[in-house]
Amino acid sequence: MNEHRPEEHPAAPAPAPKDEPPRRRLDAGSLRGLAHPLRMRLLEELRLNGPSTSARLADRTGESTGTISWHLRHLAEHGFIEEETGRGTKRERWWRAAPGAITVAAADFDEDPAAKAAVALYQAENLRTQFQRVADSLAAEWEGDWHGSGLISSWSNLRLTPAQLLALGEELSAVVARHTPDPDAAPDPAARPVLVQIQALPRKDPDRP
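Definitions and limits used
- Residues numbered from 1 in each chain as written.
- Predicted model: local features only at pLDDT ≥ 70, side-chain atom pairs only at ≥ 80, totals over all residues.
- Heavy atoms only, no water.
- Axes fitted to C-alpha atoms, helices over the stretch in contact; angles between N-to-C directions.
- Helix = DSSP H or I, 4+ residues; strand = E, 2+ residues; numbered from the N terminus.
- Parallel < 35°, antiparallel > 145°, perpendicular 65-115°, else oblique.
- Left-handed = near helix turned anticlockwise from the far one by under 90°.
- Contact = heavy atoms within 4.5 Å.
- Phe/Tyr/Trp six-rings, centres within 6.5 Å; stacked < 30°, edge-to-face > 60°.
- Lys NZ or Arg CZ within 6 Å of the ring centre and 35° of its normal.
- Expected span 1.5 Å × (residues − 1).
- Buried < 20%, exposed > 50% of the residue type's maximum accessible area, 1.4 Å probe, protein only.
- Salt bridge = Lys/Arg side-chain N within 4 Å of Asp/Glu carboxyl O.
- Patch = residues over 30% accessible without salt bridge, like charges linked within 9 Å, V, L, I, M, F, W, Y side chains within 5 Å.
- Areas by Shrake-Rupley, 256 points an atom, 1.4 Å probe, with all protein chains shown as cover.
- Polar contact = N/O pair within 3.5 Å; in protein donor to acceptor, adjacent residues only side chain to side chain.
- Arc of directions from axis to C-beta.
- Core = buried A, V, L, I, M, F, W, Y, C linked by side-chain atoms within 4.5 Å.

## Side note on the packing of helix H3 (residues 54–61) against helix H4 (residues 65–77)
Next, step 1: The geometry of H3 relative to H4 is characterised by a closest axis approach of 8 Å and an angle of 115° between their N-to-C directions. When the axis of H3 is compared with that of H4, the two are roughly perpendicular. Crossing of H3 against H4: the hand is right-handed. Residues Ser54, Ala55, Leu57, Ala58 and Thr61 of H3 form the contact with H4, whose own contacting residues are Thr65, Ile68, Ser69 and Leu72.

## Here we look at the packing of aromatic side chains
Next, step 1: According to the stated counting rule, one finds zero aromatic pairs in the structure shown.
Next, step 2: Its guanidinium or amino end placed over the ring of Phe80, Arg24 lies 4.4 Å from that ring's centre, counting from NZ or CZ.
Next, step 3: Sitting above the plane of the Trp94 ring, Arg87 keeps its charged end 3.6 Å from the centroid.

## A few points about H4
Next, step 1: Its 13 residues give H4 an end-to-end C-alpha distance of 18 Å, which sits within 8% of 18 Å, the value for a rise of 1.5 Å per residue.
Next, step 2: Within the sequence span of H4, burial applies to Ile68, Ser69, His71, Leu72, His74 and Leu75.
Next, step 3: Taken from the residues just after H4, Gly79 is the one with a positive phi, measuring 80°.

## A look at the pattern of salt bridges
Next, step 1: Throughout the structure, instances matching the rule amount to 10 salt bridges.
Next, step 2: Between Asp108 and Arg25 there is a salt bridge, with its nearest N and O atoms 2.9 Å apart. With Asp108 in the loop between strand E5 (102–103) and helix H5 (113–139) and Arg25 in strand E1 (residues 24–25), this residue pair connects regions lying 83 residues apart in the sequence.
Next, step 3: For Asp108, a relative accessible area of 41% corresponds to the partly exposed category.
Next, step 4: With a shortest N-O distance of 2.9 Å, Glu83 and Arg93 are connected by a salt bridge. Here Glu83 is found in strand E3 (residues 81–88), whereas its partner Arg93 is found in strand E4 (residues 93–97), with 10 residues between them in sequence.
Next, step 5: You can call Glu83 partly exposed: its relative accessible area is 33%.

## A word on a nonpolar patch on the surface
Next, step 1: A grouping of Trp142, Trp146, Leu172, Val176, Val194, Val196 and Ile198 is seen on the molecular surface, where their side chains present a nonpolar patch of about 580 Å² in accessible area.
Next, step 2: Within the secondary structure layout, Val194 lies in the segment after helix H6 (162–179).
Next, step 3: Classification of Val194 by relative accessible area gives exposed; the value is 59%.

## Things to note about the side chain of Ser54
Next, step 1: Structurally, Ser54 is set in helix H3.
Next, step 2: Residue classification places Ser54 among the buried residues on the basis of a relative accessible area of 15%.
Next, step 3: At 3.4 Å, the side chain of Ser54 and the side chain of Ser69 are in polar contact.

## What to know about H3
Next, step 1: Looking at H3, one finds that the buried residues are Ser54, Leu57, Ala58 and Thr61. Viewed along the axis of H3, the buried residues span an arc of 105°, placing them on a single side of the element.
Next, step 2: Of the surrounding elements, those touching the buried residues of H3 are helix H2 (37–49), strand E2 (52–53), H4 and E4.
Next, step 3: Immediately beyond the C-terminal end of H3, within one or two residues, lies Gly62, with a positive phi of roughly 80°.

## Here we look at the nonpolar core
For soluble globular proteins, the rule of thumb is that nonpolar side chains tend to be buried together.
Next, step 1: Leu31, Leu34, Leu42, Leu46, Ile68, Leu72 and Ile81 are the most contacted members of the largest nonpolar core, which totals 24 residues.
Next, step 2: Per-element accounting of this core gives the leading share, five residues, to H2.

## As for the environment of Thr161
Next, step 1: By the secondary structure assignment, Thr161 is in the loop between H5 and H6.
Next, step 2: Overall, the relative accessible area of 38% leaves Thr161 in the partly exposed class.

## What about the environment of Glu92?
Next, step 1: Of note, Glu92 is situated in the loop between E3 and E4.
Next, step 2: C-alpha separation for the pair Glu92 and Ser54, spaced 38 residues apart in sequence, amounts to 7.8 Å.

Shape is all these values report; function is a separate question.
Quick look at the structure:
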């Protein structure tokens, strides 16, 4: 991985936006259905590695097939995953992640103590997962052009208003969207899966309440 600092580049015209599945903003019920470490890991496995069965997921997670099946049914009830039709048997069902991104707005649950606890668990597990992704990539042996091709960087000298911070997040998301390949196009044989993680959060100022 390389450390890079931001540089000025001329703005390029943005391509036409791709059709994307709608984002799903979780309510209290669906949030509690997802906010469990194993269920979040199972959804992560299906999102990153594609459709799978309870037996395959049990091998990857070290849990029993019965436990995995129970959590998969729970995820399906809340619409996070769906059965892949036309594949498998009555005894071996294949599951895939439902399309579309998930968003959790903590402010939606300010008046619901039980949901606030689920938000805290979801955020903590999501942060742990993001850290583990980075750790796994750094620990892997990369060869050729992939060696040193990644990026880890941080900027701590920004001072923004809430509106500016939201705008920054939207612009960063738009950049990633421009580099996201068309799912209907044939993949480049030289391409590998890439994870992009962005954290843009307000920082407590010790001199201000």
